[in-house]
Amino acid sequence: MAQHEGMHPSVEQFKHFVKEHPKISMEIRSNQKSLQQFYEEWSVLGADHEQWIPYKTMDQQAETFQQSSQEMNQQSTAQPNSDSTQQSEQQNATDTLGQLMNMMRRFNVQDLQNHLAQFSSVLSNVQNVMQTFQQPTNSQSRPTQDQPFSFRRD
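Report on the accompanying structure. (Residues numbered from 1 in each chain as written. Predicted model: local features only at pLDDT ≥ 70, side-chain atom pairs only at ≥ 80, totals over all residues. Heavy atoms only, no water.)

## Some remarks on the overall build of the protein chain
And then number 1: Each helix and strand in the protein chain was counted, giving seven helices and zero strands.
And then number 2: The N-to-C order of helical and strand elements in the protein chain reads α-α-α-α-α-α-α.
And then number 3: Relative to its full complement of 154 residues, the protein chain shows a buried share of 13%.
And then number 4: Per element, the accessible surface of the protein chain, about 13,100 Å² overall, is 53% carbon and sulfur. (Helix = DSSP H or I, 4+ residues; strand = E, 2+ residues; numbered from the N terminus. Buried < 20%, exposed > 50% of the residue type's maximum accessible area, 1.4 Å probe, protein only. Areas by Shrake-Rupley, 256 points an atom, 1.4 Å probe, with all protein chains shown as cover.)

This is how it looks when you write it as structure tokens:
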């Protein structure tokens, strides 16, 4: 435990989270997802997001279901209008973050690098063309001065 004293608090929290969700370890071992992917999702979505329910054991899932149903009953009797609006706003924000995480998972960095390289080459070509047209056109007046032989009329 001495080597774990210098860990960041969020890493400690994530370790505790993984211990509470044993199916995460199973997915990591079966190479379905990496630990880094789970950590990123956990840091964005939080530990209480509904995405983590399948990763709990059956006992924990039943307990979570009971707690959530009790909370729903308490909220519906206390203040139905403001709580439901606030809850729906939080749900929308959470859904948006989940969609963003899914999009980031499908995001291919290699493709992005290739597109950026192509865009960079296009920009350099455009700059070269612009420099060609921006150079001063003194070459028209120079030929008369730079001629090594002068021909005169007799």
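Having seen it, we continue.
## Examining the environment of Phe 14
And then number 1: Positionally, Phe 14 belongs in helix α1 (residues 9-20).
And then number 2: The buried category is assigned to Phe 14, whose relative accessible area is 6%.
And then number 3: For the pair formed by Phe 14 and Phe 38, sequence separation is 24 residues and the distance between their alpha carbons is 9.3 Å.
And then number 4: Filtering out sequence-adjacent residues up to four positions away, Phe 14 remains in contact with Leu 35, Phe 38, Tyr 39 and Trp 42. (Contact = heavy atoms within 4.5 Å.)

## Here we look at a nonpolar patch on the surface
And then number 1: A cluster of nonpolar side chains, Val 44, Leu 97, Leu 100, Met 103, Met 104, Phe 107, Val 109, Leu 112 and Leu 116, forms an exposed patch at the surface whose accessible area comes to about 790 Å².
And then number 2: Listed by contribution, the elements that provide at least two residues to the nonpolar patch are α5 (80-106) and α6 (109-134).
And then number 3: When residues of the nonpolar patch are assigned to their parent elements, the largest contribution, four residues, is made by α5.
And then number 4: Tracing the chain through its elements places Met 103 in helix α5. (Patch = residues over 30% accessible without salt bridge, like charges linked within 9 Å, V, L, I, M, F, W, Y side chains within 5 Å. Salt bridge = Lys/Arg side-chain N within 4 Å of Asp/Glu carboxyl O.)

## Concerning the packing of α1 against helix α2 (residues 22-29)
And then number 1: Taken N-terminus to C-terminus, the directions of α1 and α2 make an angle of 95°; their axes are 4 Å apart at the nearest point. Here α1 is positioned roughly perpendicular relative to α2, judged by the angle of their axes. Across the interface between the two elements, Phe 17, Val 18, Lys 19 and Glu 20 of α1 pack against Pro 22, Ile 24 and Ser 25 of α2. (Axes fitted to C-alpha atoms, helices over the stretch in contact; angles between N-to-C directions. Parallel < 35°, antiparallel > 145°, perpendicular 65-115°, else oblique.)

The values reported here are purely geometric and, on their own, carry no functional implication.
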